[in-house]
Amino acid sequence: MELRLYNTLTRSVEPFTPLEPGRVRMYTCGLTAYDYGHIGNFRTFVGVDILQRFLATQGYDVDSVMNITDVDDKMIARSSAAGRSLREYADFYAAAFTEDCQRLRIRPARHIVRATDFIPDMVAWIERLVASGHAYEREGSVYFRLASFPAYGRLSGKDLDGLQSGARVDVDDYAKEEARDFVLWKAWKEGEPFWESPWGKGRPGWHIECSVMAEKLLGAAAPQGSPQGTIDIHAGGTDLIFPHHENEIAQVEALTQAPFARYWVHMEFLLVNGEKMSKRLGNFYTVRDLMEKGYHPSAIRYLLASVPYRRQLNFTLEGLDQATSALERLRVFQDRIRRTPLPDTTDSGLNQAAAAASDAMVAALAENLNTAEALAAIFDLVRAANTALDAGHFGAGNRAPVQAVLDAFDEIFAVLAHDAPPASALSPEAVNQLLAEREAARRMRDWARADALRRQLDDAGVLVEDIKGGGGRWRWK
RNA sequence: GGCGCGGUAGCCAAGUGGUAAGGCAGAGGUCUGCAAAACCUUUAUUCGUGAGUUCGAUUCUCACCCGCGCCUCCA
């Protein structure tokens, strides 16, 4: 089914078709590795993950790149304050980022790249910008000459004149021709890490990193006959539209004379108590914070995924509780259809409902990734199937079709598998031992002992459910 | 001030020019030794406010009110 995507460039939902049939070249602005990512950051990455997973299920080969910025002002300041090298510091938070992505089941981009591994490419690109008159050197720094790129501002809808008058002058940037010009290469300052360049020691500006890595790994692979340098999708958080993505466009298009990206996809913000979650405001939760409070990464992912990406999501612990409960419903259902002994029959109406749910889910996702509507389709099927199970209509012939819908759902949402149980958890053997004792007590109608054992298991995080006719099941809470 | 997103039940949230999906929570019931899970019933005469267009608007138009974001590093 054809995907329709909102494109910031045109401010409308458009049918998506990649330049090269069957292959999507996509770049996502990742994290600056100066601290743990918070769940606001991960909202964007879960959104991107869902987009990429959906494209994959539609048969596309998704050639994706995500960068990790490993040199910037904050990192330099923090790493030196911590008495560690920039590289060491970046490695630590890059590893933490990878770990959090795994917990949240974010599939890694095909290429995860570090800015400092591409410095020579950045220098070369800046040299070309200087040579073509789009950039100039001042006192060892290089700036992009905005006056040379009239198309600036198209993505964000910014008025250039307004920018010019409104711009504040950074103390570092006194040498710029115009206040609105942005830095491509920063001259070295005492005590900072540096790389050699034609303009002396220094380091790249933030914006040039993404442009150059995207162009090297994806733009250069544009298919025959299409504009060189053009990629299919560029994604990131909405706050990146201006100035970051605007600057990226300028840096690339000034040289290639071709569109940098055909679709710009921006994920809306996560709010906390009605305000943007940000490191600066200090109102953030990391995945680790929430895990310490007993929440599961899969529930975090569910919450982040359940609100369509173009809508601001106000994060609350109550919302996370709700997500936990909703997800539990899906898991219990999956357990139920896997484990319940079924009669050798088929409820054909139910299989039709499964097919309808599957179609509705795909259609919802195809319409600009409407995850809320996709979930509704799944819950409709869950209720229909539970009703059939209760009534004894759910037969062996229904198991595979219904499970297939859940599998298709989880291929995108990736929430059904259980999280790793806590390290302190009882071993499965210990759990089974206690369950067996409880079963024995129940057969003896020793309810006091049975209930005590159930409480003991409950305290250890194991939820016990009896099944009619004897036996039971359990799960981690 | 400019640009953008949004205001739908207690909470989260979908959606359409024709009379309100789904989830969570609550209440009652069925089932259960008791639970849990599941199922059934129930919870918005109404979609920020006002006006307009229309046979009919939550959905279109205009105005206004409110929340948030970007305009500076930021997912």
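(A) Geometry of the sheet that holds strand E6 (residues 135-138). One open sheet holds the 4 strands; their spatial order is E6-E7-E8-E9, and the pairing between them is antiparallel. The sheet is open, and its two borders are formed by E6 and strand E9 (202-204), each paired with just one other strand. The mean inter-strand angle of the sheet, taken between neighbouring strand axes irrespective of direction, is 25°. Bridge analysis of strand E7 (residues 141-144) against strand E8 (residues 182-187) gives 3 bridges, and the strand direction is antiparallel. By the bridge assignment, Tyr143 is partnered in E8 with Val183.

(B) A look at the packing of helix H9 (residues 297-306) against helix H12 (residues 371-391). Where H9 meets H12, the closest approach of the two axes is 8 Å, and the angle between their N-to-C directions is 115°. Contacts between H9 and H12 involve Tyr302, Ala305 and Ser306 on the former and, on the latter, Thr371, Ala372, Leu375 and Phe379. Tallied by class, the residues present in the contact of H9 with H12 amount to 5 nonpolar, 2 polar and no charged.

(C) The protein's contact with RNA strand B, seen in detail. Near RNA strand B you find 58 residues, and of these Trp206, Gly237, Leu240, Lys276 and Arg311 are the closest. The contact in question runs from a base nitrogen of RNA strand B to an N or O atom on the side chain of Thr44, over 2.9 Å. Contacts to RNA strand B include Arg336, whose side-chain N or O atom sits 3.3 Å from a sugar or linking oxygen. Looking at the surface near RNA strand B, the element that brings in the most residues is H12, giving 9 residues. Looking at the surface near RNA strand B, its residues break down into 18 nonpolar, 16 polar and 24 charged.

(D) Examining helix H2 (residues 73-81) more closely. Within the span of H2, buried status applies to Met75, Ile76 and Ser79. On an axial view of H2, the arc spanned by its buried residues comes to 100°, and they lie on one face. Contact partners of the buried residues in H2: strand E3 (23-32), strand E4 (61-69), helix H3 (86-103) and E9. Among the residues of H2, the N-terminal cap falls to Asp72, whose side-chain oxygen and the backbone nitrogen of Lys74 are separated by 3.3 Å.

(E) The arrangement of the domain arrangement of chain A in detail. Parsing chain A into structural domains produces domain 1 (4-267), domain 2 (287-413) and domain 3 (428-476). For domain 2 versus domain 3, the distance between C-alpha centres works out to 27 Å.

(F) Summary view of the sheet that holds strand E5 (residues 111-114). Read from one edge of the open sheet, 5 strands run E5-E4-E3-E10-E11, paired in parallel fashion. Here the strands that pair on one side only, and so sit at the sheet edges, are E5 and strand E11 (261-267). The mean angle between the axes of side-by-side strands here comes to 20°, regardless of whether they run parallel or antiparallel. Pairing of E3 with E4 involves 8 bridges; the strand directions are parallel. Directly across from Thr28, in E4, lies its bridge partner Met66. Contacts from helix H7 (residues 241-256) reach E3, strand E10 (231-237) and E11 within the one sheet, and its direction differs from that of E10 by about 155°.

(G) Just the nonpolar core, in detail. By size, the foremost hydrophobic cluster in this structure holds 90 residues, and its most contacted members are Leu5, Phe42, Ile233, Tyr302, Phe394, Phe409 and Phe413. Looking at this core element by element, the count peaks at 10 residues for H12. Of the domains in this structure, domain 1 (4-267) and domain 2 (287-413) are the two that each give at least three residues to this core. Ignoring anything within four residues of it in the chain, the contact list for Phe394 reads Ile337, Leu342, Pro343, Leu350, Ala385, Ala388, Leu389, Arg399 and Val402.

(H) Structural detail: the pattern of salt bridges. With the rule as written, the count across this model stands at 39 salt bridges. Connected through salt bridges with shared partners, the residues Glu20, Arg23, Asp61, Asp63 and Arg110 form a single ionic network.

About the cut-offs
Residues numbered from 1 in each chain as written. Chains lettered and ligands numbered in written order. Predicted model: local features only at pLDDT ≥ 70, side-chain atom pairs only at ≥ 80, totals over all residues. Heavy atoms only, no water. Pairing = 2+ DSSP bridges. Helix = DSSP H or I, 4+ residues; strand = E, 2+ residues; numbered from the N terminus. Axes fitted to C-alpha atoms, helices over the stretch in contact; angles between N-to-C directions. Contact = heavy atoms within 4.5 Å. Nonpolar A, V, L, I, M, F, W, Y, C, P; charged D, E, K, R; others polar. Near = heavy atom within 4 Å. Polar contact = N/O pair within 3.5 Å; in protein donor to acceptor, adjacent residues only side chain to side chain. Buried < 20%, exposed > 50% of the residue type's maximum accessible area, 1.4 Å probe, protein only. Arc of directions from axis to C-beta. Domains from an automatic or database assignment. Core = buried A, V, L, I, M, F, W, Y, C linked by side-chain atoms within 4.5 Å. Salt bridge = Lys/Arg side-chain N within 4 Å of Asp/Glu carboxyl O.

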